[in-house]
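Overview (structure and organization)
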Amino acid sequence: MNRPHPTRCYALADCNNFYVSCERVFDPSLKGVPVVVLSNNDGCVIARSPEAKAVGVQMGEPAFKREGFFRRHSVRVFSSNYALYGDMSQRVMSILGESAPRSEIYSIDEAFLDLAGLPDSTETHCQTLRQKVFRWTGIPISIGVGPTKTLAKIANRIAKKYAKFDGVFDLTNHPRMNDILAWLPVADVWGIGRRSVNKLGRHGVKTALDFARLPDDWLKKKMTVTGLMTAMELRGIPCFELELAPPSSKSLLCSRSFGRPVSSRTEMLESVAAYVSRAAEKLRGQGSVASWVKVFILTNPHKMELQYANARAMTLSVGTDHTPTLIKAAHSLLNDIYKPGYNYKKAGVMLAGIEPKATRQLSLLNLPPNTDDRDTTLMTCLDRINDRFGRSTLQYAATGLGRPWSMRQLRKSPRYTTAWHELPRVG
DNA sequence: TCTGGGGTCCTAGGACCC
DNA sequence: TCTGGGGTCCTAGGACCC
């Protein structure tokens, strides 16, 4: 057990409290004080500075329940600013990407790096990288290293938790590997979620070491092959490879809670058109077409009032990335499920049946209209303008003008890095 | 007043075929 | 009276991640 594979060396670089760190880069008054960032619609807490954690703000807490607490503890509260976080993420990722021959961007604030065969020591390399990312972007990161991705995750957690390691911890050939796994609750292992923790608890499995020592056939039967692979990774046998060029999405979702309850059909149609437009942009961004569209709507499940939720999907005869075609489909689905008299809280659009546009399946009976090329030219033009001048410079009238239903973001910081008129001023 | 959004993978079970 | 066995494909739902 715990026999590391000699040729593998994975690092997980993870930005510390990423969203809060982004806010701090451009607003020095946030240093050293409790800061939180809220989810879309200013719903719940999704990022906390260490000071916010220290005063007891929990992850995922609804913000409205804590307004008084935030005031009493002078917690600085921000709406999420994805234009800023996305841009900062790109800066960090480009530096990380250059630091290793192979890398995988795993999420907005994490990347796996393949450090096998680098000339200098792992520790030196990682410390240099950390300092470089901080100097060039202002974002602090932590790096965990191990013979498998799962162990690199654990190492990263240790690097973050204990200041004495200075942001870097290496589990490769660690003499106290078993002690560390026995110290780590199984809930903190990558890939073991709450449901599994409950199930494992009933079988007396509490720590990562308990889990790693379970028999393979038991793991396979009770935890499926992914559970088995996780256990093998804890033993030092790599099962999860780097995803070097992440394949394009197989489904695309765009959904939002409304800033206030919506009941009118007109507003529902507008919001669905807006979500389709966004999903179609993403679709074109990856050079795909979609042939399956689903629309769903729901009332607020947290409220004591008449509830309604419904969804409907349809398959198109030909895959498309043409926004008006998709809006038309989504509108007909919405009209099927919409019922007047309810206070809707949320709507969403999902696209699937996704394939590359270049090799898409055409229909024998229903060939695309010969305006196809014109549509493509129009969509390309639309995307270019919006890319250059901002996402909603050009939009379809069906998405509405006033958008009274759009999400609430009362405490958003400026788009410091992506909008000319919001650039920070010096002096 | 007010509780996020966007993905992936795996499995079981039904439909269907020979 | 008697009522197989195996394969594929699809979908819904569960579980997980950030």
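Since the model is a prediction, treat every value here as computed from it, not as a measurement. (Residues numbered from 1 in each chain as written. Chains lettered and ligands numbered in written order. Predicted model: local features only at pLDDT ≥ 70, side-chain atom pairs only at ≥ 80, totals over all residues. Heavy atoms only, no water.)

1. Section: the environment of Val20
Note the cut-off: Per the convention used, a helix needs a DSSP run of H or I reaching at least four residues, while a strand needs a run of E reaching at least two, with both numbered from the N terminus. Per-residue accessibility, obtained with a 1.4 Å probe over protein chains only, is compared with the maximum for each type, and a residue is labelled buried under 20%, exposed over 50%, and partly exposed between these values. Between two residues, a contact is recorded if the distance between any of their heavy atoms is within 4.5 Å.
Structurally, Val20 is set in helix H1 (residues 18-26). Note on Val20: relative accessible area 1%, which makes it buried. Val20 has contacts with Val35, Val36, Val37, Ala47, Arg48 and Ser49, leaving out every residue within four places of it along the chain.

2. Focus: the side chain of Thr207
Of note, Thr207 is situated in the loop between helix H8 (194-202) and helix H9 (208-212). Classification of Thr207 as buried rests on a relative accessible area of 16%. Beyond its immediate stretch of four places on either side in the chain, Thr207 contacts Leu181, Ala182, Leu184, Pro185 and Val186.

3. Some details on the protein's contact with DNA strand B
Stated precisely, the cut-off is as follows: We call a residue near a molecule or strand as soon as one heavy atom of that residue lies within 4 Å of the molecule or strand. As used in this structure description, the phrase polar contact means that two N or O atoms lie within 3.5 Å; if the pair is within protein, one of them must be able to donate a hydrogen and the other to accept it, and residues adjacent in sequence are counted only when both atoms belong to side chains.
In the region of DNA strand B, 24 residues are neighbours, and Leu253, Ser255, Arg256, Ser257 and Lys345 sit closest. In DNA strand B, atoms within 4 Å of the protein come 74% from sugar and phosphate. The backbone of Ser255 places a nitrogen or oxygen atom 2.6 Å from a phosphate oxygen of DNA strand B. With respect to DNA strand B, the side chain of Arg256 contributes an N or O atom lying 2.8 Å from a phosphate oxygen. Among the secondary structure elements, those contributing two or more residues to the surface near DNA strand B are helix H10 (216-234), strand E9 (252-262) and strand E12 (344-352). Counting residues per element, the surface near DNA strand B draws most heavily on E9, which supplies six residues.

4. Some words on the protein's contact with DNA strand C
Counted only if it meets this: Here the nonpolar group is Ala, Val, Leu, Ile, Met, Phe, Trp, Tyr, Cys and Pro; Asp, Glu, Lys and Arg are the charged ones; every other residue, Gly included, is treated as polar.
Contacts to DNA strand C come from 13 residues, most closely from Ser107, Glu110, Lys153, Gly191 and Ser196. Of everything in DNA strand C that lies within 4 Å of the protein, sugar and phosphate atoms constitute 100%. In this structure, Arg195 approaches DNA strand C through a main-chain N or O atom, which is 3.0 Å from a phosphate oxygen. At the level of secondary structure, the elements contributing two or more residues to the surface near DNA strand C comprise strand E5 (102-107) and H8. Among the elements that line the surface near DNA strand C, the one with the most residues is H8, at three residues. Class assignment of the residues belonging to the surface near DNA strand C gives a composition of four nonpolar, four polar and five charged.

5. Observations regarding the sheet that holds E5
The line we're drawing: Whether two strands pair depends on DSSP finding at least two bridges between them. Only C-alpha atoms enter the line fits that serve as axes; for helices the fit covers just the stretch in contact. Angles between N-to-C directions range over 0 to 180 degrees.
Ordered by their spatial adjacency, five strands build an open sheet running E5-E6-E1-E7-E8, and the pairing between neighbours is mixed. Only two strands of the sheet have a single neighbouring strand rather than two, namely E5 and strand E8 (168-170). Within this sheet the neighbouring strands show an average axis-to-axis angle of 15°, counted without direction. The sheet contact formed by E5 and strand E6 (residues 110-114) spans five bridges and is antiparallel. Residue pairing for E6: Glu104 is matched across the bridge by Phe112.

6. Remarks on the sheet that holds strand E3 (residues 45-48)
The strand order E3-E2-E4 describes an open sheet built from three strands, whose pairing is mixed. Because the sheet does not close on itself, it has two edges, and the strands there are E3 and strand E4 (76-78). Averaged over neighbouring strand pairs, the angle between their axes works out to 25° when direction is ignored. Pairing of strand E2 (residues 35-38) with E4, which is carried by three bridges, proceeds in the parallel orientation. Each bridged residue has a counterpart across the sheet, and for Val35 the counterpart in E4 is Arg76. Packed on one face of the sheet, H1 meets E2, E3 and E4 and runs near 115° to E2.

7. Quick word on the nonpolar core
Here is the rule we go by: For this analysis, a nonpolar core means a set of buried residues of the types Ala, Val, Leu, Ile, Met, Phe, Trp, Tyr and Cys, connected via side-chain atoms within 4.5 Å.
Grouped together as the largest cluster of nonpolar side chains are 35 residues, with contacts concentrated most on Val293, Leu334 and Leu351. Where this core is concerned, the elements lending two or more residues are E9, helix H11 (265-285), strand E10 (288-299), helix H12 (323-337) and E12. Ranked by residues supplied to this core, first place goes to H11 with 10 residues. When neighbours within four sequence positions are excluded, Leu334 is seen to be in contact with Met268, Leu269, Val272, Val295 and Ile297. In this structure, Phe18, Tyr85, Leu129 and Tyr416 belong to the second largest nonpolar core, which totals 33 residues.

8. Side note on helix H6 (residues 149-161)
Basically, it comes down to this: Residue count minus one, scaled by 1.5 Å, sets the expected span of a helix.
The terminal C-alpha atoms of H6, which comprises 13 residues, lie 18 Å apart, in line with the 18 Å expected from a rise of 1.5 Å per residue. Along H6, 10 of the 13 residues are buried, which leaves the element largely enclosed by surrounding structure.

9. Things to note about the confidence of the model for chain A
Rules: For every residue, the predictor states its confidence as a pLDDT score lying anywhere from 0 to 100.
For chain A, per-residue confidence averages 92 on the pLDDT scale, and 96% of positions sit at 70 or higher. pLDDT under 50 marks residues 1-5. Its contacts with residues more than four places away, or in other chains, come to 16 contacts.

10. Focus on the pattern of salt bridges
The test is simple: Every case where a carboxyl oxygen of Asp or Glu lies within 4 Å of a side-chain nitrogen of Lys or Arg is listed as a salt bridge.
Under the criterion given, the structure shown has 20 salt bridges. Arg91 is the salt-bridge partner of Asp87, the closest N and O atoms lying 3.1 Å from each other. On the criterion of helical spacing, the pair formed by Asp87 and Arg91 is a turn pair, its members being four residues apart in helix H4 (residues 82-98). Under the relative-accessibility criterion, Asp87 is labelled buried at 18%. We note a salt bridge from Asp166 to Arg130, for which the minimum N-O separation is 4.0 Å. Pair noted here: Asp166 is in the loop between H6 and E8 and Arg130 is in helix H5 (residues 122-137), with a separation of 36 residues, a long-range link.

11. With respect to the environment of Leu151
Within the secondary structure, Leu151 sits in helix H6. For the pair Leu151 and Glu23, spaced 128 residues apart in sequence, the C-alpha separation works out to 30 Å.

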